[in-house]
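Here's the letter readout for the chains.
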Amino acid sequence: MGWNSWNSFANIVNSQIVQQQAKALASNGMKEAGYEYVVIDEGWWLGERDGVGNIVVNSKQWPAIQPGQKDGDMANIAAYIHSLGLKAGIYTDAGHDGCSMYPDSGPKLLNTGSEGHYDQDFLQFSRWGFDYVKVDWCGGAKEGLSGAVQYAQIAGAIQRAEKTTGRKLYFSICEWGSQNPWYWGPGVGGIESTIWRTGGDIIPPVVESLHDAEHDKRLITAKNVFESFDTGMHPEAQHTGYYNDLDMMVMGMRGMTNALDRAHMGLWAISSAPLMVGCDLTRLSPVSLALLTNREALAIHNDPYGLQPIKVEEPTPGVQIWAKPMALAGRRAIGVLNRTGSAAQVKINWEKLGLKGTPKSLRDVWNGKDLDTADSSVSVAANDLALMIVDGEDKPASDHPASQSTVKGVHVRSGPTYARLLYSNTSGSTVVVRAKSTSGLSTSIALAPTAGLEIGTVGLILPRGTADLTFEDGHVVIHKLEVHGWE
Ligand code: GLA
């Protein structure tokens, strides 16, 4: 959760802008709600290196902020962000060149990527004090590189940098889904936690202060937002620590209505997608701010299982019921999405959400009030989303005990299907296991340490057809898989 400079500032980003945005984030209630990263996207570096290959930045763009600091040192802005109790993020490319979006909003800059300098650059980012790095793919795509190979090398460089400085450098992969990163992103290079972009940009940047015809005509539509959600649905790759990234948020930007802001926030929250806000925070409306800081929506987003929702029904084309399995037994978050141009009335069938009988409680998140569980009909305005939390009783799951890390007898006939994996990991640190099914499913799962006899659980969403599963790693004990049929 945090803010990223690209959507609203593109290549004009500089120290003053970042300071203003960080200050807004720290004082408008977002920081208290959990937004913590301030990420400087492309445009911070113009491609210059010194004789030994170290990155050189423009000293006017990144001057000293405090007495005693040097102009042209990125440690200045990282320290400023830290002084507000926030974390700092930076950006590079996996190839030789960056994107630079020429001629959109900046000069054509070559050599703004890190290829050939992975160890040097990631160590530099960490030494400057950055806590997060987004790694783009323009140069990689131009050179026809393999994403799985390059990002694994980068993960290695990041881990080495972390060891040297003792500072965590969170890895954000930005490969736009072009080489199916949901297959190799989870656990890439042995990394325990990461996000990967699943599609292109929701919109090209809208830099209000440029006042040029190109930027002025850019408007965000419902189609932009909904398509980003659709292309981001890869639930079998997403488990605690590994998340599909649906792109930086466009809430509060030009073209967004209150209804669309609500739908956008609801979809990103129910998907446990990164909430990297891309608007100018100094111009954020009270409505957008209230949505971004809505505690109940954020609790859905921050659910420990971090799963994506399952589409359980589409009673009429464009009116969809999405349900997210949550870590608490019998709990689901429900998003009723109306992608049509007129209001819709929808009846929710609890059986389809894997619940037995009438649920105990139903909560309307946007209005902060309890609803009558006997009445399961919901009305949703055009291009809007109703967000709810339901608590009930799970229908019995089918248990599949594991023998030597293999679970047999699973056959997911309708999917995607919710399952829970029960394990013990007494190694003292997170272990990344590769999960493979005879059906072809292959993904990595990060299993957090457990103490003593404690049983750990992670939520999984299994695609249709999933059969016998093997979890490859000697250091954890897999107890069983509980498969929850929802139909
Ligand atoms: C790509 C990325 C964007 C942004 C720009 C910067 O388009 O997908 O998120 O980083 O590059 O040029």
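Everything that follows concerns the structure shown earlier in this document.
Below is a short write-up of the structure. (Residues numbered from 1 in each chain as written. Predicted model: local features only at pLDDT ≥ 70, side-chain atom pairs only at ≥ 80, totals over all residues. Heavy atoms only, no water.)

## Side note on helix H11 (residues 258-270)
Basically, it comes down to this: Helix and strand assignments follow DSSP, with helices taken as H or I runs no shorter than four residues and strands as E runs no shorter than two, numbered in order from the N terminus. Under the convention used throughout, the expected extent of a helix is 1.5 Å for every residue step, that is, one less than its residue count. Any pair of residues with heavy atoms lying within 4.5 Å of one another is described as a contacting pair.
Taking 1.5 Å of rise per residue, 13 residues should cover 18 Å, and H11 covers 18 Å from first to last C-alpha, within 8% of that figure. In this structure, the buried residues of H11 make contact with helix H10 (222-231), helix H12 (286-292), helix H13 (295-301), strand E12 (319-325), strand E13 (331-338) and strand E18 (384-394). Of the residues trailing H11, Ser-272 is marked for its positive phi of about 50°.

## Quick look at the packing of aromatic side chains
Spelled out, the test is: Pairing of aromatic side chains requires ring centres within 6.5 Å, counting the rings of Phe and Tyr and the six-membered ring of Trp. Pairs whose planes differ by under 30 degrees are stacked, by over 60 edge-to-face, and all others tilted. Accessible area is worked out with a 1.4 Å probe on protein chains only. A residue is then buried under 20% of its type maximum, exposed over 50%, and partly exposed in between.
The tally for this structure, following the rule as stated, stands at 16 aromatic pairs. Ring centres of Trp-137 and Tyr-151 lie 5.3 Å apart, and the angle between their planes is 40°; on these two criteria the pair is classed as tilted. Here the residue Trp-137 occupies a position in the loop between strand E6 (132-136) and helix H6 (138-142), and Tyr-151 occupies one in helix H7 (residues 147-165), the gap between them amounting to 14 residues. Overall, the relative accessible area of 1% leaves Trp-137 in the buried class. By the ring-pair criterion, three or more aromatic residues cluster together here, those being Trp-44, Trp-45, Tyr-118, Phe-122, Phe-125, Trp-128 and Phe-130.

## Section: unusual backbone geometry
A cis geometry characterises the amide bond from Gly-415 onward to Pro-416, with omega recorded as -5°. Mapped onto the elements of the fold, Pro-416 is located in the loop between strand E20 (406-407) and strand E21 (417-424). A positive phi is found at Gln-404, a non-glycine position, where the angle reads about 45°. Within the secondary structure, Gln-404 is located in the loop between strand E19 (398-403) and E20. The class of Gln-404 is exposed, set by a relative accessible area of 78%. One non-glycine residue, Ser-405, lies in the positive phi region at around 65°.

## Notes on the site of the ligand
The test is simple: Nearness is defined per residue: one heavy atom within 4 Å of the molecule or strand is enough. Polar contact is the term for a pair of N or O atoms within 3.5 Å; when the atoms are in protein, one must be able to donate a hydrogen and the other to accept it, and sequence-neighboring residues count only if both atoms are side-chain atoms. Methods summary: accessible areas were calculated by the Shrake-Rupley approach with a probe of 1.4 Å, and residue burial reflects only the protein chains presented. Under the grouping applied here, Gly and all other residues not named as nonpolar or charged are polar, the nonpolar ones being Ala, Val, Leu, Ile, Met, Phe, Trp, Tyr, Cys and Pro and the charged ones Asp, Glu, Lys and Arg.
In the neighbourhood of the ligand, 13 residues make up the surrounding shell, with Asp-41, Glu-42, Lys-134, Asp-136 and Asp-201 lying closest. Taking Asp-41, its side chain carries an N or O atom lying 2.7 Å from an oxygen atom of the ligand. Glu-42 has a polar side-chain atom sitting 2.6 Å from an oxygen atom of the ligand. For the ligand, the accessible surface in isolation is 310 Å², of which the surrounding protein chains cover 96%. By residue class, the composition of the shell around the ligand is 7 nonpolar, no polar and 6 charged.

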